[in-house]
Amino acid sequence: MNDILLVEDNEELAELIMAFLRRDGYTVCWVTTGKGAVSYMENHSVRLMLLDIMLPEMDGFAVCRAVRKQHNLPILIMSARSGREDKLSGYELGADDYVEKPVDGEILSAKVRALMQRAYGSQQKGPLVSGDLAIDLESRCVSLKGKPVELNVKEYELLLLFVRNPGKTLRKEFLFDRIWGSDSFSESQTLTVHVKRLRSKIEDNPREPKRIRTVWGVGYRYEEI
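First, a word on what this report is: a plain description of the structure on this page.

The rules behind these values
Residues numbered from 1 in each chain as written. Predicted model: local features only at pLDDT ≥ 70, side-chain atom pairs only at ≥ 80, totals over all residues. Heavy atoms only, no water. Helix = DSSP H or I, 4+ residues; strand = E, 2+ residues; numbered from the N terminus. Buried < 20%, exposed > 50% of the residue type's maximum accessible area, 1.4 Å probe, protein only. Contact = heavy atoms within 4.5 Å. Axes fitted to C-alpha atoms, helices over the stretch in contact; angles between N-to-C directions. Parallel < 35°, antiparallel > 145°, perpendicular 65-115°, else oblique. Left-handed = near helix turned anticlockwise from the far one by under 90°. Nonpolar A, V, L, I, M, F, W, Y, C, P; charged D, E, K, R; others polar. Pairing = 2+ DSSP bridges. Core = buried A, V, L, I, M, F, W, Y, C linked by side-chain atoms within 4.5 Å. Salt bridge = Lys/Arg side-chain N within 4 Å of Asp/Glu carboxyl O. Expected span 1.5 Å × (residues − 1). Arc of directions from axis to C-beta. Polar contact = N/O pair within 3.5 Å; in protein donor to acceptor, adjacent residues only side chain to side chain. Phe/Tyr/Trp six-rings, centres within 6.5 Å; stacked < 30°, edge-to-face > 60°.

### Comments concerning unusual backbone geometry
Outside of glycine, negative phi angles account for most residues, and trans bonds account for most peptide bonds. At the junction of Lys 101 and Pro 102, the peptide bond is cis and its omega measures out at 0° in the coordinates. By secondary structure assignment, the location of Pro 102 is in the loop between β5 (97-100) and α5 (105-120). Phi is positive for Glu 57, which is not a glycine, with a value near 75°. With respect to the secondary-structure elements, Glu 57 resides in the loop between β3 (46-52) and α3 (60-70).

Encoded structure:
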């Protein structure tokens with residue numbers, strides 16, 4: 001299950017929004033039309049919907065109305081239409097919050113965090129499960145096949161980032177910046193060392209990893225097994 005469904009027909013804006021959300025550890029699915037959003041929700045579950053108003057085929061207000069009939073998830077509307085009547089229409093149809101375009105990524109991220117916390121509270125701190133690997137977000141403890149796995153702080157943060165982005169190729173630069181920070185004095189080779197250590201703790205055969213796959217010349221991809 002993805003955390004967020006982003007419904008936005010502007011590709012450049014969508015990429016920017018997804019970068020902010022993924023930076024915060026959320027998994028995101030993106031669709032470009034209103035009908036696509038409704039269709040997606042008929043077959044999948046998400047924790048939150050981030051919804052543009054001006055969409056092809058079916059506008060955001062209609063999407064909000066259709067989704068709210070079947071699902072009780074937080075809906076955050078984004079729109080350049082910032083008039084009082086538009087905002088009232090959104091709230092009356094069941095939207096939980098409204099953010100104006102052009103979108104400020106930091107404000108958007110803060111609103112998403114607040115809605116997630118309000119809607120799910122401690123559920124956001126519950127175990128994150130990937131096959132026979134489990135991560136307790138509250139205690140920051142990891143177990144594999146029911147047995148504890150001892151990780152240092154960076155190994156834990158790296159694993160959490162991988163597990164929250166299954167099947168996605170994450171560039172080395174992205175991983176290093178997220179875990180160590182772009183201003184860190186650590187060598188980028190540190191990432192390679194930590195991946196090697198992490199594999200030694202969660203892979204059946206670290207020399208032939210099935211979870212943390214190397215994408216040569218790019219980075220790594222986490223696979224659920």
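There's plenty left to go through after this.
### Concerning the environment of Val 38
The topology assignment puts Val 38 in helix α2 (residues 34-43). When its relative accessible area of 17% is taken as the criterion, Val 38 is described as buried. In this structure, the C-alpha to C-alpha distance between Val 38 and Cys 141, residues 103 residues apart in sequence, is 37 Å. Those residues in contact with Val 38, other than ones at most four positions away along the chain, are Met 58, Val 63 and Ala 66.

### Focus: the packing of helix α1 (residues 11-23) against α5
Helix packing geometry: the angle between the two helix axes and the distance between the axes. At their nearest, the axes of α1 and α5 sit 10 Å apart, and the two run at 50° to each other. Of the possible angle classes, the one that applies to α1 and α5 is oblique. Remark: the crossing between α1 and α5 carries right-handed chirality. Along its contact with α1, which presents Ile 17, Phe 20, Leu 21 and Arg 23, the element α5 presents Gly 105, Glu 106, Leu 108, Ser 109 and Val 112. Classifying every residue of the contact of α1 with α5 gives five nonpolar, two polar and two charged.

### Digging into the pairing of strand β12 (residues 219-222)
In terms of strand pairing, strand β10 (residues 169-171) meets β12 through three bridges, oriented antiparallel. Residue pairing across strands places Leu 170 opposite Tyr 220, the latter belonging to β12. With four bridges connecting them, strand β11 (residues 212-215) and β12 associate as antiparallel partners. In the sheet register, Ile 212 faces β12, and the bridge partner there is Tyr 222.

### Observations regarding the sheet that holds β3
Ordered by their spatial adjacency, five strands build an open sheet running β2-β1-β3-β4-β5, and the pairing between neighbours is parallel. Edge strands, defined here as strands with exactly one partner in the open sheet, are β2 (28-31) and β5. Each adjacent strand pair in this sheet contributes to an overall mean axis angle of 20°, direction not counted. Looking at chain direction, β3 and strand β4 (residues 75-79) are connected through four bridges and run parallel.

### Description of the nonpolar core
Ile 4, Leu 5, Met 49, Leu 50 and Leu 51 are the most contacted members of the largest nonpolar core, which totals 42 residues. When sequence neighbours within four positions are dropped, the list of residues in contact with Ile 4 reads Leu 21, Tyr 26, Thr 27, Val 28, Cys 29, Val 46, Leu 48, Leu 50, Val 112 and Met 116. With 26 residues, the next largest nonpolar core counts Tyr 156, Leu 158, Trp 180 and Ile 212 among its residues.

### Considerations on the pattern of salt bridges
Applying the stated criterion across every chain yields a total of eleven salt bridges. Its salt-bridge partner being Glu 155, residue Lys 201 comes within 2.8 Å of it at the nearest N-O pair. Of the two residues, Lys 201 sits in helix α8 (residues 189-202) while Glu 155 sits in helix α6 (residues 153-163), which places them 46 residues apart along the sequence. Among the ionic contacts, a cluster of salt bridges with common partners joins Glu 8, Asp 52 and Lys 101.

### Let's talk about α5
Between its first and last C-alpha atoms α5 spans 22 Å; for 16 residues at 1.5 Å apiece the expected length is 22 Å, and the two agree. Along α5, the positions that sit buried rather than exposed are Gly 105, Leu 108, Ser 109, Val 112, Leu 115, Met 116 and Tyr 120. An end-on view of α5 places all buried positions within 130° of arc, on one side of the element. With a side-chain oxygen positioned 3.0 Å from the backbone nitrogen of Glu 106, the residue opening α5 is Asp 104.

### A word on the packing of aromatic side chains
Each aromatic ring pair is summarised here by two numbers: the centre-to-centre distance and the angle between the ring planes. In this structure the tally under the stated criterion is one aromatic pair. Here Phe 162 and Tyr 220 contribute two aromatic rings whose centre-to-centre distance is 6.4 Å and whose plane-to-plane angle is 80°, an arrangement assigned as edge-to-face. Here the residue Phe 162 occupies a position in helix α6, and Tyr 220 occupies one in strand β12, the gap between them amounting to 58 residues. A single burial state applies to Phe 162 and to Tyr 220, both of which are buried.

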